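Structural characterization, general
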2 protein chains.
Amino acid sequence: MGIANMSSASSRRRTPVFAYEGLDRVIHERARLGVLTSLAAHPKGLSFGDLKLLCGLTDGNLSRHLRVLERERLIAIAKDQRQRRPQTICRITAIGRRRYVEYLAVLERVLLDATAAVRPEAAASRARAPLPSI
Amino acid sequence: MGIANMSSASSRRRTPVFAYEGLDRVIHERARLGVLTSLAAHPKGLSFGDLKLLCGLTDGNLSRHLRVLERERLIAIAKDQRQRRPQTICRITAIGRRRYVEYLAVLERVLLDATAAVRPEAAASRARAPLPSI
């Protein structure tokens with residue numbers, strides 16, 4: 001919903017159009033958003049070490065966020081025993097990918113609302129040429 | 001930076017491309033993102049009551065988030081004495097608008113990375129027709 005249409009209609013002020021309840025807090029948290037984006041980009045999985053470097057996180061922080069994501073079944077963590085030194089490999093699950101894509105749709109709406117808020121003409125041109133849907 | 005270019009180059013795995021440090025935590029928090037988007041869309045300000053309804057927040061929650069935003073000088077809170085019953089009016093400040101716009105630029109990059117991660121072809125077409133810059 002565009003802001004431009006709404007701000008002048010006082011009756012529509014009464015609806016929580018900026019509540020963004022679909023911004024799943026499990027995914028929205030900055031570090032976890034980085035972790036999930038890394039894993040979505042690497043469907044075969046990433047080692048703990050690679051994730052740590054890609055996301056710029058410490059061991060402790062990454063561990064904590066991985067536990068949250070695993071508890072929610074958004075990722076699966078396994079030991080890859082093929083190496084001489086077994087590696088921890090993290091993968092995004094099917095549930096994780098679905099929730100991530102749902103989250104992205106809301107994030108896109110936030111960005112459209114936000115663009116309309118700061119620069120109405122940009123939002124209008126964006127609305128004329130919609131983004132490829134995810 | 002696109003994911004497609006990066007994932008095959010192991011040397012670039014070493015840089016924290018998914019750290020998203022520009023995702024300012026003060027703004028990124030879901031409720032505050034809603035509050036700031038509301039205020040960016042209403043430069044003349046919004047009453048506490050309107051904000052509460054627009055963002056779907058309770059009195060306590062909204063108060064808490066407004067204090068955080070005011071402490072960071074992203075918003076200004078004033079009493080409008082013109083009414084018979086003085087209203088609390090919240091406005092986004094110049095600093096707030098600048099930091100919000102900076103945040104949006106990072107958010108846009110996250111969305112491009114994320115789209116590339118879940119659907120590389122959508123990201124490619126998006127890159128060919130860039131979004132209007134904010």
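Only a predicted model underlies this, so the values are computations on that prediction, with no experimental measurement involved. (Residues numbered from 1 in each chain as written. Chains lettered and ligands numbered in written order. Predicted model: local features only at pLDDT ≥ 70, side-chain atom pairs only at ≥ 80, totals over all residues. Heavy atoms only, no water.)

Glancing now at the overall build of chain A. What chain A contains, in helices and strands, is seven helices and three strands. The secondary structure elements of chain A, listed N-terminal to C-terminal, are α-α-α-β-α-α-β-β-α-α. Split into buried and exposed, the 134 residues of chain A put 49% on the buried side. Taking the intrachain contacts of chain A between residues at least 6 apart in sequence as the baseline, contacts between residues at least 24 apart amount to 51%. (Helix = DSSP H or I, 4+ residues; strand = E, 2+ residues; numbered from the N terminus. Buried < 20%, exposed > 50% of the residue type's maximum accessible area, 1.4 Å probe, protein only. Contact = heavy atoms within 4.5 Å.)

We now examine the side chain of B:Asp24. Residue and element names in this part refer to chain B. Mapped onto the secondary structure, Asp24 falls in the loop between helix H1 (3-6) and helix H2 (25-28). Taking the relative accessible area as the measure of exposure, Asp24 reaches 17% and is therefore buried. Looking at Asp24, its side chain comes within polar contact range of the side chain of Arg99, at 2.7 Å. What Asp24 contacts, discounting residues up to four positions off in sequence, is Arg99 and Tyr103. (Polar contact = N/O pair within 3.5 Å; in protein donor to acceptor, adjacent residues only side chain to side chain.)

Residue and element names in this part refer to chain A. Mean pLDDT over chain A works out to 84, with 78% of the residues at or above the 70 mark. Ranking the elements of chain A by mean pLDDT puts helix H1 (residues 3-6) last, at 45, and helix H5 (residues 59-71) first, at 97. This model gives residues 1-11 a pLDDT under 50, and the stretch forms 18 contacts once residues within four places in sequence are excluded. Complex prediction metrics read pTM 0.80 and ipTM 0.78. (pLDDT = per-residue confidence, 0-100.)

Bringing helix H5 (residues 59-71) of chain B into the picture now. Residue and element names in this part refer to chain B. Taking 1.5 Å of rise per residue, 13 residues should cover 18 Å, and H5 covers 18 Å from first to last C-alpha, within 8% of that figure. Those residues of H5 not exposed but buried are Leu62, His65, Leu66, Val68 and Leu69. Along the axis of H5, the buried residues cluster in a sector spanning 160°; they form a single face. Every exposed residue of H5 that faces more than 90 degrees away from the buried side is listed here: Arg67 and Arg71. Turning to H5, the residues buried within the fold contact H2, helix H3 (30-41), helix H4 (48-55), strand S2 (75-80) and strand S3 (87-92). Arg73 sits one or two positions beyond H5 and adopts a positive phi of about 65°. (Expected span 1.5 Å × (residues − 1). Arc of directions from axis to C-beta.)

Below, the discussion takes up the packing of aromatic side chains. All names here are of chain A. In total, this model carries two aromatic pairs over all chains according to the counting rule given. With a centroid separation of 6.2 Å and an interplanar angle of 75°, the aromatic rings of Phe18 and Tyr20 are classed as edge-to-face. We note that Phe18, like Tyr20, is buried. (Phe/Tyr/Trp six-rings, centres within 6.5 Å; stacked < 30°, edge-to-face > 60°.)

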